[in-house]
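If you want the building blocks of each chain, they are given just below.
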Amino acid sequence: MKPQIHDIASPINASRLELKTAVASRGIIETYTPYLPVSAATPIITLNEGNTPLISLPYVSALVGRGIKVFIKYDGLNPTGSFKDRGMTMAISKAKEDGAKAVICASTGNTSASAAAYATRAGLKAFVIIPEAKVAMGKLAQALLYGAEVIGIEGNFDEALSIVRQLGERYPVTIVNSVNPYRLQGQKSAAFEIVDAMGEAPDYIFIPVGNGGNITAYWMGFCEYREEEKCTKLPKMMGFQAAGSAPLVINQPVLNPETIATAIRIGRPANWQKATRVRDASGGEFNSVTDEEILNAYRILAGKEGIFCEPASAASVAGLIKHADKISDDAVVVCVLTGNGLKDSDAAITYSGNEFKKGIKPSYDAVAHVMGF
Ligand code: F0G
């Protein structure tokens, strides 16, 4: 018998629906409220960020051997395709609470996409300043479509951030780069999720480092959870920069940073001191990986594990493959994959190492022949 309208709208079904909606609509602020600087007065601007999967990497685990268990925290599955959404829900919610009308950021692309989306959601104006020649097309597309005022400079990220800092001091625009403390507060939720999923902290976190915000946020998250006795240990924080753009590794600013991993093409990290303190407190290290090593990990992740991330994210796995000898037997390792592969489809097509066989006649014979039959 066909269900009648009144069946569908019965009180039981209605409450199930409400329940489903309530569960589905939780972003990181609602999930981790007691750990975040929010109050009943904070308007929660969310796109249901967070709750991203922790996925095992059987191929990479076998590659590094010695019983080491490798997982990724796949943060490219956030609403705008990067980990920035965890911080942006906080930064934009607090900006809204404080009565801001506009926000601004400098960005290598992901922050601009995230800021644009959350600002739109909050009814705020977003200004994003980007190095015009070095932003992956997917990220630019997002910022434009979300309706931000997109300003390209003929310079790099460091120059853009310096301009943004000055504008933030002089004009009524709230800076939503990771110098905004609410950003790191939100981003620490990724560490909470890892412990919630594993029941313990991993032994190591391998993570790409640009401005040093995310590594700092993860550490804060693990430390807070250990204080609450949600885990009994803390991971060593292993940060990776691209070789042509590795100020934290060489311990001096890089004037003209260069790398295929445009997201982390940063020569003067905004959270330099904080990131260094995290490395030391955790007993971790900063190291660099070459563009070639990054692209190799990028291809392994997609071609062997079925995981598509952007090149900067693959720096974490490249770092693990390169420095596996530094970690102990049977260790549990989480590599952070910060951004989605679709952000930079140009890089994927250029560096896939695969061939697009095109120009084939539209016939059964021609296609079967190309297939090798
Ligand atoms: N991975 C990706 C994909 C990023 O976009 C960034 C930073 C990082 C890693 C590094 O994180 O700066 O906290 O150390 N992207 C910024 C942006 C700079 O503008 O989108 P960090």
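Conventions and cut-offs
- Residues numbered from 1 in each chain as written.
- Predicted model: local features only at pLDDT ≥ 70, side-chain atom pairs only at ≥ 80, totals over all residues.
- Heavy atoms only, no water.
- Phe/Tyr/Trp six-rings, centres within 6.5 Å; stacked < 30°, edge-to-face > 60°.
- Helix = DSSP H or I, 4+ residues; strand = E, 2+ residues; numbered from the N terminus.
- Buried < 20%, exposed > 50% of the residue type's maximum accessible area, 1.4 Å probe, protein only.
- Pairing = 2+ DSSP bridges.
- Core = buried A, V, L, I, M, F, W, Y, C linked by side-chain atoms within 4.5 Å.
- Contact = heavy atoms within 4.5 Å.
- Expected span 1.5 Å × (residues − 1).
- Axes fitted to C-alpha atoms, helices over the stretch in contact; angles between N-to-C directions.
- 1 Å grid on protein atoms, 1.4 Å probe; cavity = no way out; pocket = protein on both sides within 12 Å on 5 of 7 lines; lining within 4 Å.
- Points joined across faces, edges and corners; volume = space filled by probe spheres on them.
- Nonpolar A, V, L, I, M, F, W, Y, C, P; charged D, E, K, R; others polar.

A word on the packing of aromatic side chains
Thought 1: One pass over the full model with this rule turns up seven aromatic pairs.
Thought 2: Taking the centre distance of 4.3 Å and the plane angle of 15° together, the rings of Phe-192 and Tyr-225 count as stacked. Of this pair, Phe-192 sits in helix H10 (residues 189-198) while Tyr-225 sits in helix H11 (residues 213-227), and the two are 33 residues apart along the sequence.
Thought 3: For Tyr-225, a relative accessible area of 1% puts it in the buried group.
Thought 4: Their ring planes at 10° and their centres at 5.4 Å tell us that Phe-206 and Phe-240 sit as a pair that is stacked.

So, the pairing of strand E10 (residues 332-337)
Thought 1: The buried fraction of E10 amounts to five of the six residues, a majority that puts the element mostly inside the structure.
Thought 2: Examined bridge by bridge, strand E2 (residues 69-74) and E10 share six bridges and lie parallel to one another. Paired with Phe-71 across the two strands is Val-334, which belongs to E10.
Thought 3: With three bridges joining them, strand E7 (residues 204-208) and E10 adopt parallel strand pairing. Following the sheet pairing, Ile-205 is matched in E10 by Val-334.

What about the nonpolar core?
Considering soluble globular proteins, one finds that nonpolar side chains tend to be buried as a cluster.
Thought 1: Core analysis: the biggest nonpolar cluster contains 39 residues, and Phe-206 and Leu-320 have the highest contact counts within it.
Thought 2: For this core, the secondary structure elements donating two or more residues are helix H4 (58-64), E2, E7, strand E8 (236-242), helix H14 (291-305), helix H15 (311-323), E10 and helix H16 (345-351).
Thought 3: Other than its neighbours up to four places away in sequence, Phe-206 contacts Met-238, Phe-240, Ser-316, Gly-319, Leu-320, Ile-327, Val-333, Val-334, Cys-335 and Val-336.
Thought 4: Ile-207, Trp-272, Val-278 and Phe-286 belong to the second-largest nonpolar core, a separate cluster that totals 30 residues.

As for H11
Thought 1: The first and last C-alpha atoms of H11 sit 21 Å apart over 15 residues, in line with the 21 Å expected at 1.5 Å per residue.
Thought 2: Of the residues making up H11, those classed as buried are Gly-213, Asn-214, Ile-215, Thr-216, Ala-217, Tyr-218, Trp-219, Gly-221, Phe-222 and Tyr-225.
Thought 3: Glu-229, located one to two residues past H11, shows a positive phi value of around 60°.

Some thoughts on the sheet that holds E7
Thought 1: Spatially, six strands are ordered E1-E2-E10-E7-E8-E9 in an open sheet, and the strand pairing comes out mixed. A strand with exactly one partner marks an edge of an open sheet, and here the two such strands are strand E1 (54-56) and strand E9 (285-289). Averaged over all pairs of adjacent strands, the angle between strand axes in this sheet comes to 25°, irrespective of strand direction.
Thought 2: Both E7 and E8 contribute to a ladder of five bridges, which runs parallel. Counted as the bridge partner of Tyr-204 is Lys-236 from E8.
Thought 3: Together, E8 and E9 form the strand contacts of helix H13 (residues 272-282), whose direction differs from that of E9 by roughly 115°.
Thought 4: Those strands touched by H15 are E2, E7, E8, E9 and E10, and its axis lies near 150° from that of E10.

Brief notes about empty space enclosed by the protein
In this approach, a probe sized like a water molecule rolls over the atoms, and the result shows the empty space that is left.
Thought 1: Across all of its chains, the model carries one cavity of 30 Å³ or more by this definition.
Thought 2: In this structure, the largest cavity spans a volume of roughly 330 Å³.
Thought 3: Among the secondary structure elements, those contributing two or more residues to the lining of the largest cavity are helix H6 (110-122), helix H8 (157-170), helix H9 (181-187) and H11.
Thought 4: Sorting elements by how many residues they give to the lining of the largest cavity places H11 first, with three residues.
Thought 5: Looking at the lining of the largest cavity residue by residue, the class counts come to 12 nonpolar, 13 polar and three charged.

A few points about helix H5 (residues 84-97)
Thought 1: With 14 residues, H5 ought to run about 20 Å at 1.5 Å a step, and its terminal C-alpha atoms sit 20 Å apart, in line with that.
Thought 2: Among the 14 residues of H5, 12 are classified as buried, and the element is accordingly described as predominantly covered.
Thought 3: Looking at H5, one finds that the buried residues are Lys-84, Asp-85, Arg-86, Gly-87, Met-88, Thr-89, Met-90, Ala-91, Ile-92, Ser-93, Lys-94 and Ala-95.
Thought 4: Just past H5, the residue Gly-99 takes up positive phi, approximately 85°.

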